[in-house]
Amino acid sequence: MKTRWRIPVCLLLCGLLFWFLADAAGVRVSMEEALSLCARSVIPSLFPFMVVSSLLLSLGFGEWLSPWFAGWFDPLFRINGAGSSAFLLGLIGGYPIGAKTATELYQEHLVTREEAERLLAFCNNSNPVFLISVLGVGIFGSVRTGIWLWLIHLGSALLTGLLFRGRGGRPSTRQHLPTPPAFHTVKLSSAFVSAVKSSLSGILSVCAFVIFFYTLAHPMAHLGRYAGPLLVGLTELFSLTPLLESTRFGFIAAAGITGWGGLSVLCQTAAVLDGSGLSPRICFWGKAIQGLLSAALAALLATYILG
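Definitions and limits used
- Residues numbered from 1 in each chain as written.
- Predicted model: local features only at pLDDT ≥ 70, side-chain atom pairs only at ≥ 80, totals over all residues.
- Heavy atoms only, no water.
- Salt bridge = Lys/Arg side-chain N within 4 Å of Asp/Glu carboxyl O.
- Helix = DSSP H or I, 4+ residues; strand = E, 2+ residues; numbered from the N terminus.
- Buried < 20%, exposed > 50% of the residue type's maximum accessible area, 1.4 Å probe, protein only.
- Phe/Tyr/Trp six-rings, centres within 6.5 Å; stacked < 30°, edge-to-face > 60°.
- Lys NZ or Arg CZ within 6 Å of the ring centre and 35° of its normal.

## Side note on the pattern of salt bridges
Working step 1: Evaluated as defined, the whole model comprises 4 salt bridges.
Working step 2: Two residues, K100 and E104, come together in a salt bridge whose shortest N-O distance is 2.7 Å. Taken together, the positions of K100 and E104, both in helix α5 (residues 97-107) and 4 residues apart, correspond to about one turn of that helix. Considered together, K100 and E104 belong to a single accessibility category, that of buried residues.
Working step 3: With a shortest N-O distance of 3.4 Å, E117 and R113 are connected by a salt bridge. Highlighted residues: E117 and R113, both in helix α6 (residues 113-120), separated by 4 residues, approximately one helical turn.
Working step 4: In this structure E117 comes out as buried when scored by relative accessible area, which is 12%.

As structure tokens, then:
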């Protein structure tokens, strides 16, 4: 960390410690709620996807998809067709499955470092269950609204990928990738054990960040009808849902903040990338752009969707 930032950061951390001590009971309640959230929602929804996505890649799923999707993925995003597996699994599994898959593709030499970092800008997305069931049905009482939120999320992710394609080279100018080991040489038992172990480590990191940021976001919920949801959503996505109302503002906020993901998701992504050599910087800018695009699309469509 640069010297000029050390004093402000230390003062901020001292302020957090003072708050934790002054409101120990409230912090404890928030922590209990966050632990319950992890047990009821985060772990059941993410851990199986993390195991299966790791196992798929170990068994050659990325190599199998590459020729099928290269015809559109490569021209659109200037990324090897194997990168489509990160985008598809990220859409199905939710945060941070896309980032985890992109990291593993890079480690398996199926995409270059530059391609993997650009993948991080648009492959790390919310799953349709959260958008359709939790937000659409839970907040707006409508499956149709949830589907529209998912379509806006998907569209903004694709637009973000197109915005970052300019950084990529043409196929003939890209770094040559070494041929990965054939998937039939990988033992299923070894691949399964490795997938479970790596996914356990990943889910622990995810839950740790959810708990910490959920606790930080809790006091922000009382800052007003508009400021509260925005500040909470910018910090931690799961804490947002009790604050949203079935209004135009609620619809735009839901779309924009799920596109952004929250500081918690960015830290989960950084944890997934730790030790891989990949930078989270492009992921940060990609999620910021996707959040803005999602909010803009929602604002344009809100009148039609909400009636």
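We are not done yet, so read on.
## Notes on the packing of aromatic side chains
Working step 1: The final tally for this structure, using the stated rule, is 13 aromatic pairs.
Working step 2: Pairing W19 with F20 gives two aromatic rings, centres 5.1 Å apart and planes at 40 degrees, and the pair type is tilted.
Working step 3: Assessed through its relative accessible area of 25%, F20 is described here as partly exposed.
Working step 4: Between the aromatic rings of F77 and F122, the centroid separation amounts to 4.7 Å while the plane-to-plane angle is 35 degrees, which identifies the pairing as tilted. Here the residue F77 occupies a position in helix α3 (residues 61-77), and F122 occupies one in the loop between α6 and α7 (128-140), the gap between them amounting to 45 residues. Comparing F77 with F122, the two get one shared label, buried.
Working step 5: Among the aromatic residues, those joined into a cluster by ring pairs are W72, F73, F77, F87 and F122.
Working step 6: Between the NZ or CZ atom of R144 and the centre of the ring of Y304, over which it lies, the distance is 5.4 Å.

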